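Chain by chain, the residues:
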Amino acid sequence: MFMSTQDVFDTLTAYDYSSVEKRYTYLRIPVVFGYDFWKTDKISMGLRAGPVLSLLLSTKQLSEAYDPGQNRILRINDISPGQLDLNWQIMAGLGISVRLSRNLLLDLEPEASYYFNSAFERPANRQKPWSAGFRTALMIEL
């Protein structure tokens with residue numbers, strides 16, 4: 001008697017949903033213009049605005065590659081869009097500067113940014129995204 005093993009697949013299709021986690025690193029280059037409309041010896045307040053260029057530096061996959069094991073893959077649906085290498089924004093904020101010493105200032109600025117285009121190649125929704133944030137800077141006057 002001669003015997004051998006043979007892999008047999010069931011005709012029932014089973015669905016397996018897995019996700020891929022990635023980390024994107026961007027370099028943001030802001031060009032900020034400002035005007036101080038209120039100024040004292042210790043505190044100044046003004047408006048800041050300007051364009052921001054975002055460049056994609058690196059993409060790193062955090063999750064492991066999918067291993068189907070003995071299962072046969074019939075179809076893969078890749079519904080996630082790719083990231084763009086270049087992205088433009090416009091930002092505006094209210095800047096508050098506090099003089100700590102003769103040459104040292106602390107700048108605090110709540111800001112809002114509006115994206116001219118999405119960071120994705122094929123965005124799921126067509127609305128232009130926006131974001132809110134907070135910037136701080138330590139400035140040295142020479």
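See the structure shown above.
Enquirer: Would you take a moment to explain the overall build of the protein chain for this structure?
Expert: The helix and strand inventory of the protein chain stands at zero helices and six strands. Mapped in sequence order, the helices and strands of the protein chain form the string β-β-β-β-β-β. Among the 142 residues that make up the protein chain, the fraction classed as buried is 17%. For the protein chain, restricting intrachain contacts to residue pairs at least 6 apart in sequence, the fraction spanning at least 24 positions comes to 69%. Counting only carbon and sulfur atoms, one obtains 58% of the accessible surface of the protein chain, whose full area is about 11,900 Å².

Enquirer: Can you walk me through the side chain of Ser113 in this structure?
Expert: As for its placement among the helices and strands, Ser113 is situated in strand E5 (residues 104-115). Residues in contact with Ser113, not counting those within four places in the same chain, are Arg28, Gln89, Ile90, Met91, Trp130 and Ser131.

Enquirer: Would you explain the environment of Ile140 in this entry?
Expert: Summarising the element assignment, Ile140 is placed in strand E6 (residues 130-140). Sequence separation of Ile140 and Leu105 is 35 residues, and the distance between their C-alpha atoms is 6.5 Å. Excluding residues that lie within four positions of it along the chain, Ile140 makes contacts with Asn103 and Leu104.

Enquirer: Sorry if this is basic, but what is going on with the packing of aromatic side chains here?
Expert: To describe a pair of aromatic rings, you give the distance between the ring centres and the angle between the ring planes. This structure, assessed with the given rule, holds one aromatic pair. Taken together, a centroid distance of 6.1 Å and an interplanar angle of 90 degrees make the contact between Tyr114 and Phe116 edge-to-face. Classification of Phe116 by relative accessible area gives partly exposed; the value is 43%.

Enquirer: What am I meant to see in the pattern of salt bridges here?
Expert: Side-chain pairing between opposite charges can occur once the charged atoms of the two side chains come close. Throughout the structure, instances matching the rule amount to four salt bridges. In this structure, Arg135 and Glu111 form a salt bridge, with 3.3 Å as the shortest nitrogen-oxygen distance. In this pair, Arg135 sits in strand E6 while Glu111 sits in strand E5, placing the two residues 24 residues apart along the sequence. Of the residues examined, Glu111 reaches a relative accessible area of 12% and is grouped as buried. Connected through shared salt-bridge partners, Glu109, Glu111 and Arg135 make up one network.

Enquirer: Could you clarify how one ought to interpret the side chain of Glu111 in this entry?
Expert: There is a polar contact of 3.3 Å between the side chain of Glu111 and the side chain of Arg135. Discounting residues that sit within four places of it in the chain, Glu111 has contacts with Met91, Ala92, Gly93, Ser131, Ala132, Gly133 and Arg135.

Enquirer: Explain a nonpolar patch on the surface here, please?
Expert: Taken together, the side chains of Tyr35, Phe37, Trp38, Ile43, Leu47 and Leu94 present a nonpolar region at the surface, about 620 Å² in accessible area. Of all elements in the fold, only strand E2 (33-39) and strand E3 (43-61) reach the threshold of two or more residues within the nonpolar patch. In terms of residues, the nonpolar patch owes the most to one element, E2, which gives three residues. Tracing the backbone shows Leu47 in strand E3.

Enquirer: Looking at this structure, how should I read the pairing of E6?
Expert: Consecutive side chains along a regular strand alternate between the two faces of the sheet. Judged by how many residues are buried, E6 sits mostly at the surface: zero of eleven residues are covered. Pairing between E5 and E6: eleven bridges, direction antiparallel. If you follow Pro110 over to E6, its bridge partner there is Phe134.

Enquirer: I'm lost on the environment of Val31 in this one. Help?
Expert: Within the fold, Val31 resides in the loop between strand E1 (22-30) and E2. Given the relative accessible area of 41%, Val31 is considered partly exposed. Here the alpha-carbon distance between Val31 and Pro51, two residues 20 residues apart in the chain, equals 5.7 Å. When neighbours within four sequence positions are excluded, Val31 is seen to be in contact with Ala49, Gly50 and Pro51.

Thresholds applied
- Residues numbered from 1 in each chain as written.
- Predicted model: local features only at pLDDT ≥ 70, side-chain atom pairs only at ≥ 80, totals over all residues.
- Heavy atoms only, no water.
- Helix = DSSP H or I, 4+ residues; strand = E, 2+ residues; numbered from the N terminus.
- Buried < 20%, exposed > 50% of the residue type's maximum accessible area, 1.4 Å probe, protein only.
- Contact = heavy atoms within 4.5 Å.
- Areas by Shrake-Rupley, 256 points an atom, 1.4 Å probe, with all protein chains shown as cover.
- Phe/Tyr/Trp six-rings, centres within 6.5 Å; stacked < 30°, edge-to-face > 60°.
- Salt bridge = Lys/Arg side-chain N within 4 Å of Asp/Glu carboxyl O.
- Polar contact = N/O pair within 3.5 Å; in protein donor to acceptor, adjacent residues only side chain to side chain.
- Patch = residues over 30% accessible without salt bridge, like charges linked within 9 Å, V, L, I, M, F, W, Y side chains within 5 Å.
- Pairing = 2+ DSSP bridges.

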